[in-house]
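Coordinate analysis (summary)
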Amino acid sequence: MLINDLLKNEINLSVSKSLIEDIGDGDITATINNITSHSKAEIICREDMVLCGKLWVNEVFMQLDPSIQIKWMFDDGAFIKENTVIFELSGSTQNILSGERCALNFLQTLSATASITRLYVNQLESLNCKVLDTRKTLPGLRLAQKYAVLCGGGTNHRIGLFDAILIKENHIIGGGGIENIIQKTKTMYPNMPIEIEVETLAEMKIAISAGADRLLLDNFDLKMLKKAYEINQSLYSKPRLLEASGDITLKNIRKVAETGVDFISVGALTKNISAINLSMRFIS
């Protein structure tokens, strides 16, 4: 996913809402400072991190006070060691203080997603397997977190329900079984790839025979994943893409990838995040 108009619009709206939420009709405490006072501040990371969120920080101060100068030391996607200055601000003391929390909230959250993604991606070094995100994102920050996953070296799965087909367990139940739902899907969307969730090797065989293009192997253990790979390679002239999902952790992701699957989807990239520890301090 590139920085397209959809993401730019989301950034603008998200920042606008965050400023209204935090400042309301005025920052009472910041007004104690002289309105003409100018300051310089630096923002420091207090732990190792992968940077993500420059556009959101820039937008915060653009909406609040375009005269505030921002000097970035790194680009999104950069790995930064703890106690390193990430960027500097200079301008109105009042407006730097008013924008601090909104800016850092975006930066700490998106950098958290980028950072944990990098940890998962690093576990797959030298393997031909990609780490995918999911739709388990923070409400209102879908595109932002998807962008953060890219900054961390991961790969985006579908953005939402509108851009790809993924038939899951309840779709199968509601649609009359694997074969029926796949045939209905082919009739309605003949030009779209079909991915379907399966829970057993038997279901996998049925799905492939019915014409599925990609299999989501849900909660398969390592033995089942290896068997699924063998079946996919040996029984079919055109092997399907295989995606593993369910209870994926940093401890087991490499073993899962070594079974031969093409993708591993990890909900933890966007839902089990711990905000990066950042701080701002005035230096003049």
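Here's a quick rundown of the structure. Predicted, not measured: the structure shown is a model, and the values here were computed from it.

Conventions and cut-offs
- Residues numbered from 1 in each chain as written.
- Predicted model: local features only at pLDDT ≥ 70, side-chain atom pairs only at ≥ 80, totals over all residues.
- Heavy atoms only, no water.
- Helix = DSSP H or I, 4+ residues; strand = E, 2+ residues; numbered from the N terminus.
- Buried < 20%, exposed > 50% of the residue type's maximum accessible area, 1.4 Å probe, protein only.
- Contact = heavy atoms within 4.5 Å.
- Phe/Tyr/Trp six-rings, centres within 6.5 Å; stacked < 30°, edge-to-face > 60°.
- 1 Å grid on protein atoms, 1.4 Å probe; cavity = no way out; pocket = protein on both sides within 12 Å on 5 of 7 lines; lining within 4 Å.
- Points joined across faces, edges and corners; volume = space filled by probe spheres on them.
- Nonpolar A, V, L, I, M, F, W, Y, C, P; charged D, E, K, R; others polar.

**Things to note about the side chain of Thr-270**
Note that Thr-270 resides in helix α10 (residues 268–271). A relative accessible area of 1% places Thr-270 in the buried class. Those residues in contact with Thr-270 that sit more than four places away from it in its chain are Thr-113, Thr-134, Lys-136, Thr-137, Leu-138, Gln-145 and Val-149.

**Describing the packing of aromatic side chains**
Counted according to the given criterion, the structure contains two aromatic pairs. On the numbers, 5.7 Å between centres and 40 degrees between planes, the contact of Trp-56 with Tyr-147 is tilted. Pair noted here: Trp-56 is in helix α2 (residues 54–64) and Tyr-147 is in helix α4 (residues 142–151), with a separation of 91 residues, a long-range link. By relative accessible area, which is 0% here, Trp-56 ends up buried. Aromatic pair Trp-72 and Phe-87: ring centres 4.3 Å apart, planes at 35 degrees, arrangement tilted. Of this pair, Trp-72 sits in strand β3 (residues 69–72) while Phe-87 sits in strand β5 (residues 84–92); the two residues are 15 residues apart in sequence, bridging distant segments of the chain.

**Focus on the layout of surface pockets**
In this structure, the largest pocket spans a volume of roughly 430 Å³. Together, 22 residues line the largest pocket, and Thr-134, Lys-136, Ser-245, Ser-265 and Gly-267 are the ones closest to its centre. Those elements giving two or more residues to the lining of the largest pocket turn out to be β9 (214–218), β10 (241–245) and α10. In terms of residue class, the lining of the largest pocket is built from five nonpolar, seven polar and 10 charged. Its volume calculated, the second largest pocket comes out at about 300 Å³. In terms of lining, the second largest pocket is formed by 15 residues, of which the most central are Ala-164, Ile-165, Leu-166, Ile-167 and Tyr-189. Broken down by element, the lining of the second largest pocket gets its largest block of residues, four residues, from helix α6 (residues 178–188). Counted by class, the lining of the second largest pocket contains 10 nonpolar, two polar and three charged residues.

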